[in-house]
Amino acid sequence: MSKPSGTDPQSPAPHAANSHDLIRVHGARENNLKDVSIGIPKRRLTVFTGVSGSGKSSLVFDTIAAESQRLINETYSSFVQGFMPTPARPEVDVLDGLTAAIIVDQQRMGADPRSTVGTATDANAMLRILFSRLGQPHIGPPGAYAFNVPSVRASGAITVERGAKKAVKATFSRTGGMCTRCEGRGTVSDIDLTQLYDDSKSIAEGAFTIPGWKSDSFWTVRVYAESGFLDPDKPIRKFTKKEMQDFLYREPTKVKVEGVNLTYEGLIPKLQKSMLSKDKEAMQPHIRAFVERAVTFTTCPDCDGTRLSEGARSSKVEGISIADACAMQISDLAEWIRRLDDPSPSSSSRGYPMVAPLLTALRQSLDSFVEIGLGYLSLDRPSGTLSGGEAQRVKMIRHLGSSLTDVTYVFDEPTIGLHPHDIQRMNSLLLRLRDKGNTVLVVEHKPETIAIADHVVDLGPGAGAAGGTVCFEGTVEGLRAGGTITGRHFDDRAVLKETVRKPTGTLEIRGATTHNLRGVDVDIPLGVLAVVTGVAGSGKSSLVHGSLPRQVGAGGVVSVDQGAIRGSRRSNPATYTGLLDPIRRAFAKANGVKPALFSANSEGACPTCNGVGVIYTDLAVMAAVATTCEECEGKRFQASVLEYHLGGRDISEVLAMPVTEAEEFFGAGEAHTPAAHRILGRLCDVGLGYLGLGQPLTTLSGGERQRLKLATHMAEKGGDQLVYVLDEPTTGLHLADVEQLLGLLDRLVDSGKSVIVIEHHQAVMAHADWIIDLGPGAGHDGGRIVFEGTPADLVAARSTLTGEHLAAYVGT
């Protein structure tokens, strides 16, 4: 029997639910978007391309994903919403067809001292259950194997209200896995008391040398001076033994200071809680400098850095403790779990059918690490030490086995930090998420990932004010032929150099054993562009960052990485590079007033928001929410300051300029300022022409932070002796900008500098004078030099994974 055709009048009409197959965006104006209107197909892989600053993230993250999450938050009860941030609705006319959005971005994972790769995923939780079931000797429930759970014991009396009331003695105990010495941190701190106070002075004379501890401070110094436990007029060195014990170690005790109830606590535990338990990178610079000066961190001698109690370390499964399991390379741990799950006669394991489902789930989770290219990590690796790309891939783990479908996954350059060999695996994972019936939105620059897209949205044509429009929408083939800047550069391939530079010297590294390096001996040539390559986890960063001497001859090694820039949320490119100083002086000279008026951190600041431009609502029960200051409308300055002009612009208008516009503005005419023009020229050289001068540093990506640091270091005096070390400088760069980066690297080398680059991008490899390739694999399968020589020799030999991919790239 034949099926009725689609035009048969008897055939049923399409179901109305099947018509919602697009995410419709109409009139998006977030950041630099200019009334963008597009339709994004659901249950497909859509890649968003365009130069840096063209508006990709504004459309994908700040509009689509932000509105989806805002709408989901509104489904919770009012009570729950009170604990959640309440972001404003994005600037868009219509957003239709949204599904629940899951954002997988490059934000570094929380650097809490007790956060590890295992705790950030489900792996540690499953391991604890496994050991609580199979571990011998048996020491307790899963919490007994958790380094975040302390052991607790209590005794007392309870009143039983049943019949005649009577008191019954009761005891309570809970066995936790936390090491009591380091409290689950793996390290212990040794405090240099001489950095805390001057013992020749009394408290009244200002003995404390701790930042912020002033003599009139009600919560710190005056508590000690007026507690009654100490003599505030006696020099600290003359304290009795009891006074010294109270001064340094006394347990929290209620005291009254001027009739106010306060808590007195010994100096050491007080500092442990207020400063030493916090992430150092999140501290203000002067506090961090004090902590680095006053405190040394060493491996805990009781648990040997495992964070676990002796009982947790003594309980084993087939000779392996949970500490041993967490210290294993994840690929090895997955193999061990596979052996436990194998009941066959040929297996050395007895088989454990009572926990078979748990072993299966744990094995699948660990296999996901391997599949995503993170098999070289260990579960006890602190999460704060992961790179942005590694953190993003760890976040992906929890979604790979998810039962959710018809959701929107949003990725921010998932190929960052990946060797070309690993990009193919990442592509297959993205396609797998799509094939489960999900919508996958990817912001990406790598042509290998753009090539697998079902749909491409290209934004531009330029960056900042010159971007924000959709230049192309369609298939990859259409993009190639579309004539946009992405389409024109899509098939660009750097060529191997015909001649390479000759080194002017060598930098010797001998017996390097940092992390997985196996006694590596290597000579890194100076005076040339040297590129260090290898798969993720092969030991590149360990070799370059862990083994290079800080001084080379008369010059130094300038390491420019993608780490967070130390500063506050007031910091921006103008303040970080020193650009604001000549700008303020130029404004002051033109108007005959003080330069301090043109600083949002000084006299000219808006009094309502203190020069921040926004007002942060920081409550303990909810995330901080920023609202634009109504007084200055986000301009950060007092209205009287904005009456002063330079070249027809006020200071807020200048700080709103992108770098390219500012370079032209300060290059000629009334606003001609050579000092500012030089700094702006360096920012353009490193490909940051689209950044706003007043854009908060907290909004920059890892690649942008690195290029901003490079622009600042380029002004340093060091002659021909400086050695620049760059860690994946192509991160976040559009195909068209990679050529500009290569030109910058050439100019640095031609000026007499030495440049060492850790890089995965084939264009940089092809442009190198010398390549050092590590491998052959990751983790304990890497840590060796597998090739040293010119790119041409690497391509000709094709003896490594890097050689194979570089040969395919240059088309030989």
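Given the structure is predicted, the values throughout are model-derived calculations rather than measurements.

Asks: I keep staring at the packing of aromatic side chains and nothing clicks. Help me out?
Replies: The way to describe two aromatic rings as a pair is by their centre distance and the angle between their planes. Scanning all chains against the criterion turns up 15 aromatic pairs. Aromatic pair Phe131 and Tyr145: ring centres 6.0 Å apart, planes at 45°, arrangement tilted. In this pair, Phe131 is assigned in helix α4 (residues 123–134) and Tyr145 in the loop between α4 and β6 (152–160), connecting sequence segments 14 residues apart. Assessed through its relative accessible area of 0%, Phe131 is described here as buried. Centroid distance Phe131 to Trp336: 6.4 Å. Interplanar angle 25°. Geometry classified as stacked. Taken together, the positions of Phe131 in helix α4 and Trp336 in helix α11 (residues 330–340) put the pair 205 residues apart, joining distant regions of the chain. Put simply, the rings of Tyr197, Phe208, Trp213, Tyr224, Phe229, Phe239, Phe247 and Tyr264 touch in pairs and so form one group of aromatic residues. The ring of Phe229 carries the charged tip of Arg250 above its face, separated from the ring centre by 3.8 Å. Stacked on the ring of Phe147, the Lys or Arg Arg307 has its end atom at 5.2 Å from the ring centre.

Asks: What should I look at first to understand unusual backbone geometry in this one?
Replies: Leaving glycine out, the prevailing phi sign among residues is negative, and the prevailing peptide bond configuration is trans. Note the cis peptide between Gly460 and Pro461, where omega equals 0°. Among the secondary structure elements, Pro461 is positioned in the loop between β16 (455–460) and β17 (469–474). Backbone torsion omega between Gly775 and Pro776 reads 0°, so that peptide bond is classified as cis. Inspection of the secondary structure puts Pro776 in the loop between β27 (770–775) and β28 (784–789).

Asks: Before we go on, may I ask you to explain the confidence of the model for the chain in this structure?
Replies: Atom-level detail of predicted coordinates should not be read off regions where pLDDT is low. Taken residue by residue, the chain gives an average pLDDT of 87. The fraction at 70 or more is 93%. Per-element confidence in the chain ranges from a low mean pLDDT of 54 for strand β21 (residues 551–552) to a high of 97 for strand β3 (residues 45–49). Within the model, the stretch residues 1–7 combines pLDDT values under 50 with 2 contacts to residues more than four positions away or in other chains.

Asks: Just checking my understanding: could you explain helix α8 (residues 285–294) for this structure?
Replies: Each α-helix winds once per 3.6 residues, and so residues spaced three or four apart point in a common direction. Those residues of α8 that fall on the buried side of the exposure criterion are Ile287, Arg288, Phe290, Val291 and Ala294. Down the axis of α8, the buried side of the element spans an arc of 160°, and every buried residue falls inside it. Tucked into the core, α8 has its buried residues touching β8 (187–191), α7 (267–276) and β11 (295–299).

Asks: Help me understand the state of the cysteines, please; the structure alone is not making it clear to me.
Replies: What makes a disulfide is a covalent bond joining the sulfur atoms belonging to two cysteines. For the coordinates displayed, the defined rule picks out 0 disulfides. With no disulfide partner, Cys300 has as its closest neighbouring cysteine sulfur the one in Cys303, 3.7 Å distant. When its relative accessible area of 1% is taken as the criterion, Cys303 is described as buried.

Asks: Sorry, what's going on with the pattern of salt bridges here?
Replies: This structure, assessed with the given rule, holds 35 salt bridges. Notably, a salt bridge pairs Asp746 with Arg501, separated by 3.0 Å at the nearest N-O pair. Here the residue Asp746 occupies a position in helix α25 (residues 735–750), and Arg501 occupies one in the loop between α17 (485–489) and β18 (505–512), the gap between them amounting to 245 residues. Asp523 is the partner of Arg510 in a salt bridge, and the nearest nitrogen-oxygen pair spans 2.9 Å. With Arg510 in strand β18 and Asp523 in strand β19 (residues 520–526), this residue pair connects regions lying 13 residues apart in the sequence.

Asks: I keep staring at the sheet that holds strand β4 (residues 94–96) and nothing clicks. Help me out?
Replies: In a beta sheet, neighbouring strands pair by backbone hydrogen bonds and run either parallel or antiparallel. A sheet is described by the order of its strands in space; here 3 strands give the open sequence β2-β1-β4, paired in antiparallel fashion. Lying at the two open borders of the sheet, with one neighbouring strand each, are β2 (36–41) and β4. On average, adjacent strands in this sheet sit at an angle of 10° to one another, irrespective of strand direction.

What counts and what doesn't
Residues numbered from 1 in each chain as written. Predicted model: local features only at pLDDT ≥ 70, side-chain atom pairs only at ≥ 80, totals over all residues. Heavy atoms only, no water. Phe/Tyr/Trp six-rings, centres within 6.5 Å; stacked < 30°, edge-to-face > 60°. Helix = DSSP H or I, 4+ residues; strand = E, 2+ residues; numbered from the N terminus. Buried < 20%, exposed > 50% of the residue type's maximum accessible area, 1.4 Å probe, protein only. Lys NZ or Arg CZ within 6 Å of the ring centre and 35° of its normal. pLDDT = per-residue confidence, 0-100. Contact = heavy atoms within 4.5 Å. Arc of directions from axis to C-beta. Disulfide = S-S within 2.5 Å. Salt bridge = Lys/Arg side-chain N within 4 Å of Asp/Glu carboxyl O. Pairing = 2+ DSSP bridges. Axes fitted to C-alpha atoms, helices over the stretch in contact; angles between N-to-C directions.

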